[in-house]
Amino acid sequence: MEYAHLTEPQATLLLTFMRNNPVVVQFKIRLVEEFYRMKEQLKHAQAPAQLTRLEILEMAIEAERQAEQARQENTILRLKNED
């Protein structure tokens, strides 16, 4: 599986080039939701210097959990699309 780290403008441009099918529509929805969620988190986030090492580790673990969940959802969508 390949992936890329895109900025919001890069991701928006990519979305405009993609043709809509069920998998692409779900991807677009998820991507937009995640950018908005991340913006909200950043609004309320503490400055890094104020975070403890434990809080940083907890954030990293949560990010990994979310990434794994996204990978699983992508696999399910891909399998459904193959049917």
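Above: the structure in question.
Residues numbered from 1 in each chain as written. Predicted model: local features only at pLDDT ≥ 70, side-chain atom pairs only at ≥ 80, totals over all residues. Heavy atoms only, no water.

Caption draft 1: Structural view of the layout of surface pockets. Quantified by volume, the largest pocket comes out at close to 1,900 Å³. Forming the boundary of the largest pocket are 40 residues, of which A4, L31, E34, A67 and A70 lie nearest the centre. Within the residue set of the lining of the largest pocket, elements represented by two or more residues are α1 (8–17), α2 (22–44) and α3 (53–82). Broken down by element, the lining of the largest pocket gets its largest block of residues, 14 residues, from α2. Here the lining of the largest pocket is built from residues that sort into 23 nonpolar, seven polar and ten charged. (1 Å grid on protein atoms, 1.4 Å probe; cavity = no way out; pocket = protein on both sides within 12 Å on 5 of 7 lines; lining within 4 Å. Points joined across faces, edges and corners; volume = space filled by probe spheres on them. Helix = DSSP H or I, 4+ residues; strand = E, 2+ residues; numbered from the N terminus. Nonpolar A, V, L, I, M, F, W, Y, C, P; charged D, E, K, R; others polar.)

Caption draft 2: Up close: the pattern of salt bridges. Counted according to the given criterion, the structure contains seven salt bridges. Residue R37 pairs with E34 through a salt bridge whose shortest N-O separation is 2.5 Å. Here E34 and R37 lie together in helix α2, a separation of three residues that amounts to about one turn. For E34, a relative accessible area of 23% corresponds to the partly exposed category. In the salt-bridge network here, residues are joined through shared partners; they are R30, E34, R37 and E73. (Salt bridge = Lys/Arg side-chain N within 4 Å of Asp/Glu carboxyl O. Buried < 20%, exposed > 50% of the residue type's maximum accessible area, 1.4 Å probe, protein only.)

Caption draft 3: Highlighting the packing of α2 against α3. Running from N to C, α2 and α3 cross one another at 165 degrees; their axes reach a closest spacing of 10 Å. As summarised for this structure, α2 and α3 are arranged roughly antiparallel, according to the angle between their axes. As for how α2 packs across α3, the hand of that crossing is right-handed. Packed against α2, whose contacting residues are V23, Q26, R30 and R37, the element α3 presents Q66, A70, E73, L77 and N81 at the interface. (Axes fitted to C-alpha atoms, helices over the stretch in contact; angles between N-to-C directions. Parallel < 35°, antiparallel > 145°, perpendicular 65-115°, else oblique. Left-handed = near helix turned anticlockwise from the far one by under 90°. Contact = heavy atoms within 4.5 Å.)

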